[in-house]
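Understanding the architecture of this molecule
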Amino acid sequence: MNITMVLDMVASAGDRAVVTAGGRSLTAAELSDRARAAARTFRRHEAVLYVSANHLAYPVALFGAALAGVPFIPLNYRLGEHQLSRLLARHPGALVLRPDDLDALLELEQLVDDDELTAPQDPDAVAVVLYTSGTTAEPKAALLRHRHLLAYVLNTQEFGSAEEGDAALVAVPPYHVAGLMNLLTNLYTGRRLVYLPAFGAGEWLATVRREGVTHALVVPTMLARIVAEVPGAAADTPTLRSLAYGGSRTPRPVVERALTVFPTTGFVNAYGLTETASSVAVLGPDDHREALAADDPAVRERLSSVGRALPGVELEIRDADGTPLPAGATGLVFVRGAQISGEYGGRSALDADGWFPTRDRGRLDADGYLFVEGRADDTIIRGGENIAPAEIEDVLLAHPGITEAAVIGVPDPEWGQRIVAVVVGDGDPAEVRQWVKDRLRTSKTPDTVVFRTELPKTETGKLLRRTLVADLESSHA
């Protein structure tokens, strides 16, 4: 099977608009025709590199590459020229699509000849290559094969299940796995895709209203800015039925405020990785409502979880020796399922039983809700005690004067590491330390509190902890 199966199924919609961007739309038939026309050009190359923002040509390029039987590789167009050149050099036989090439791609005409264009049907062929963010080292090429992408689509979505007029707003960048999977799942369910080339909270809200958007996906930084953009108690977005967020940890205060700003919208917290072909666990709308209204602290705490495993996915928590841990115990998160790739340039990270080590720390409660505490590499070891930054960050974010927080460990000759809290907002360092001490034990109280105007993050909102550590070390060198 090939992901062009989605294109073939969508093509039956004929003259219904399925993708909108920049004031233009493509019908189902036009998308299919243009993808086939593109494939005739693409099959002369070894891969297709897409180096641009969201555009009407993005789905054309993705399906055109699949029809041609070559990998589709969306790159981070925001990278510096040196970094981008290094990635381009890895694919000397590829066709590179930049912003100036995209309108021409949409104008290619399908040729009618005796050579019927049929997509290769090898499910093990590489469909997409996504480069990891490379925040700690050289970016790694994560390979997603056709079977991984289709496993996610077929296990989590129902074909044609969308209501007439449904539209999904996509603001995440095209080089992110969420952007890729939103394209496939929304087309498969029958929703029109609406692309936002560049995110701005005001423009996002205006687009929801203008296009009658019913479903949307944002990363946590986007959600925080959207919430801040709404001056009153509730946003004027009557069509918005579902709002998904994910990609990195979302502060609980932001989630609680968002539930107030969008009172009639169903919220979905999605947890996944590039290597897992998008989400592996989801906290659904009912979970959000029950947790918000619950008197039971254990149920209310689920607002800080990422939900339960999706169909076809297994979750397991293990200790450092690989032994599975019981409910409630914190350890390393492992996942297994048909959608899980865990492959980098031909090297698989799966163990003998098909489990993928996410390198995240977390725990499962008795009902199967997953609580992710952050990357294992970010754990602070102070005086022999393992301390999760997320626990301290949640307490800091509950402080009325703090809007963002990052907790890191820096070398200390006595304790091994000392705890540094870097926060955005207003306050007195001593008072902030006391705030944490009153809510957590002394060993988890930051030794130092540093105020900043902003925290370093990737374009998709992931905190660059190692950049933060390097900045602090250089300022004290």
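Figured I'd write up the structure that's included with this text.

1. Some thoughts on the nonpolar core
Grouped together as the largest cluster of nonpolar side chains are 109 residues, with contacts concentrated most on Phe42, Leu149, Leu187, Trp204 and Phe262. Ranked by residue count, the leading element in this core is helix 3 (residues 57-68), at ten residues. In contact with Leu187, not counting residues within four places along its chain, are Val6, Val10, Val18, Val19, Leu31, Phe63 and Leu193. Grouped together as the second largest cluster of nonpolar side chains are 17 residues, Ile392, Ala421, Val432 and Trp435 included.

2. A short note on the pattern of salt bridges
By the definition in use, this model includes 26 salt bridges. For Arg145, the salt bridge identified is with Glu343, shortest N-O distance 2.6 Å. In this pair, Arg145 sits in strand 7 (residues 141-145) while Glu343 sits in strand 17 (residues 343-344), placing the two residues 198 residues apart along the sequence. When its relative accessible area of 17% is taken as the criterion, Arg145 is described as buried. Overall, Glu343 belongs to the buried group, its relative accessible area being 11%.

3. Overview of the sheet that holds strand 2 (residues 24-27)
Each strand in a sheet pairs with another by means of backbone hydrogen bonds, the pair being arranged parallel or else antiparallel. Pairing in this open sheet of nine strands is mixed, and the strands run 2-1-9-8-10-11-12-13-14 from one edge to the other. The sheet is open, and its two borders are formed by strand 2 and strand 14 (308-309), each paired with just one other strand. Relative to strand 9 (residues 192-195), strand 8 (residues 167-170) runs parallel, the two being bridged by four bridges. Residue pairing in the sheet places Val170 in a bridge with Tyr195 of strand 9. Contacting strand 10 (215-218), strand 11 (242-246) and strand 12 (266-273), helix 9 (residues 220-229) crosses the sheet at an angle of about 115 degrees to strand 10.

4. Here we look at the environment of Met9
As for its position among the elements, Met9 is in helix 1 (residues 4-11). Judged by relative accessible area, Met9 falls into the partly exposed class, the value being 25%. Sequence separation between Met9 and Phe159 is 150 residues; the distance between their C-alpha atoms is 8.7 Å. Setting aside residues up to four positions removed in sequence, Met9 forms contacts with Phe159 and Tyr188.

5. Focus on the packing of aromatic side chains
Here the distance between the centres and the angle between the planes together describe a pair of aromatic rings. This structure, assessed with the given rule, holds nine aromatic pairs. Judged by centre distance (6.1 Å) and plane angle (45 degrees), the rings of Tyr50 and Phe72 are tilted. Here Tyr50, found in strand 3 (residues 47-50), pairs with Phe72, found in strand 4 (residues 72-74); they are 22 residues apart in sequence, far enough to count as distant. Phe72 shares its class with Tyr50; the two are buried. Ring geometry for Tyr58 against Phe72: centres 5.7 Å apart, planes inclined by 55 degrees, an arrangement best described as tilted. With Tyr58 in helix 3 and Phe72 in strand 4, this pair connects stretches of sequence that are 14 residues apart. Among the residues examined, Tyr58 registers a relative accessible area of 0% and is labelled buried.

6. Digging into the sheet that holds strand 15 (residues 313-318)
Spatial ordering of the open sheet is given by 15-16-19-20, a layout of four strands whose pairing is antiparallel. One side of each edge strand has no neighbouring strand; the edge strands of this open sheet are strand 15 and strand 20 (370-375). Taking each pair of neighbouring strands and ignoring which way they run, the sheet shows an average axis angle of 45 degrees. The pairing of strand 16 (residues 331-337) with strand 19 (residues 356-364) spans four bridges and is classified as antiparallel. Looking at strand 19, one finds that Leu332 is bridged to Arg361.

7. Quick word on the side chain of His399
As for its placement among the helices and strands, His399 is situated in the loop between helix 13 (389-397) and strand 23 (402-412). Here Glu431 takes part through its side chain, which lies 2.9 Å from a polar atom of the side chain of His399.

Cut-offs and rules
Residues numbered from 1 in each chain as written. Predicted model: local features only at pLDDT ≥ 70, side-chain atom pairs only at ≥ 80, totals over all residues. Heavy atoms only, no water. Core = buried A, V, L, I, M, F, W, Y, C linked by side-chain atoms within 4.5 Å. Buried < 20%, exposed > 50% of the residue type's maximum accessible area, 1.4 Å probe, protein only. Helix = DSSP H or I, 4+ residues; strand = E, 2+ residues; numbered from the N terminus. Contact = heavy atoms within 4.5 Å. Salt bridge = Lys/Arg side-chain N within 4 Å of Asp/Glu carboxyl O. Pairing = 2+ DSSP bridges. Axes fitted to C-alpha atoms, helices over the stretch in contact; angles between N-to-C directions. Phe/Tyr/Trp six-rings, centres within 6.5 Å; stacked < 30°, edge-to-face > 60°. Polar contact = N/O pair within 3.5 Å; in protein donor to acceptor, adjacent residues only side chain to side chain.

Just geometry here; none of it tells us what the structure is for.
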